[in-house]
Amino acid sequence: MRTDSSRALVAKLAAVSSGGLLSLDAAVDTLGAERNATSRRLSALVRHGWLMRVRRGLYAIRPLESAPHTPIAVEDPWAVATRTFEPCYIGGWSAAGHWHLTEQLFRSTLVVTGRVLRARDQVVGGSSFHCVRDRALAGGGVTPVWRLGARIEVSTVERTLLDACAHPDWVGGGSQLVAIMRTAIEERLLTPATLLREARHAASGAALGRLGLLLERLWGDATIVLDFARAQRGTGYVLFDPAVRRKCRLASRWGVWMNVPIAPDAA
């Protein structure tokens, strides 16, 4: 393909891209050609270094000022995640960082997806992702943010905390769960009413046990959430952090083995 004609074609496609990413469907609509013909044109652009195939039907567009065959860096991994793993939202440690609940840095972006995944840890477009599956994506607790012109769903503060109560490893473990809950409370990033509203939709029995224990130690004034958690947590016992094996004691009120320090008086 001639460089000038390729640059003009890429410019046309870039105008309908989102966050530097172009879908095959968007290219079909823009070029007004049949799907197979459009796919062949995009494949030619890939061969000549103007595009990079991120996955089937999704491409990263090279900035027009760069030369063909120089490496393409997809600027925002969140945009890549949204287009690659949809339906999905950004959650766990990535959402915690977005809401300033933690300053800890993680190498990968945590994506909660409804897709069946071949592997949890994946590299797409040069970005690393840790993917977890959740069939209840429609349960609410997500909000849109805009990054580089792309609309991306991220879990709210409340949903991030409740997801972490259900799956402490989503935020890096039980100690991190305690830390982000303490930050959310001290920085007044949520209220008992907003937490209760989300807990009614998103919390499992195990999550409510961990949540109740945390609030009892860190936020005793959240009585409406404590009452709900106590009534709905169900039966059975769970480790506060399933990844930690150590001698611990049982908080029988919440059915939680306290194997991670929660407050000064916690074992």
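Right above here is the structure, for reference.
Residues numbered from 1 in each chain as written. Predicted model: local features only at pLDDT ≥ 70, side-chain atom pairs only at ≥ 80, totals over all residues. Heavy atoms only, no water.

Look at helix α8 (residues 192-202) against helix α10 (residues 223-232): their axes get within 8 Å of each other, and the N-to-C directions meet at 25 degrees. Overall, the two elements α8 and α10 adopt an arrangement that is roughly parallel. When α8 is examined against α10, the residues P192, A193, L195, L196, A199 and R200 are found in contact with a partner set consisting of I224, V225 and F228. A per-class count over the contact of α8 with α10 returns eight nonpolar, no polar and one charged. (Axes fitted to C-alpha atoms, helices over the stretch in contact; angles between N-to-C directions. Helix = DSSP H or I, 4+ residues; strand = E, 2+ residues; numbered from the N terminus. Parallel < 35°, antiparallel > 145°, perpendicular 65-115°, else oblique. Contact = heavy atoms within 4.5 Å. Nonpolar A, V, L, I, M, F, W, Y, C, P; charged D, E, K, R; others polar.)

Think of an α-helix as turning once every 3.6 residues; residues three or four places apart then point the same way. Judged by how many residues are buried, helix α6 (residues 157-166) sits mostly within the fold: nine of ten residues are covered. Within the sequence span of α6, burial applies to V157, E158, R159, T160, L161, L162, D163, A164 and C165. Where α6 is buried, its residues meet β4 (88-90), α5 (92-98), β9 (150-155), α7 (174-186), α8 and α9 (205-218). (Buried < 20%, exposed > 50% of the residue type's maximum accessible area, 1.4 Å probe, protein only.)

The final tally for this structure, using the stated rule, is zero disulfides. Looking at C165, it has no disulfide partner, and the nearest cysteine sulfur is the one in C248, 17 Å off. Residue classification places C248 among the partly exposed positions, given a relative accessible area of 23%. (Disulfide = S-S within 2.5 Å.)

The strand order across the open sheet formed by three strands is β1-β3-β2, and the pairing between neighbours is antiparallel. In this open sheet, the two edge strands, each paired with only one partner strand, are β1 (21-23) and β2 (51-55). Within this sheet the neighbouring strands show an average axis-to-axis angle of 35 degrees, counted without direction. As judged from the four bridges shared by β2 and strand β3 (residues 58-61), these two strands associate in the antiparallel manner. By the bridge assignment, M52 is partnered in β3 with A60. Packing against the sheet, helix α4 (residues 77-84) makes contact with β1, β2 and β3, and its axis sits at approximately 15 degrees to β1. (Pairing = 2+ DSSP bridges.)

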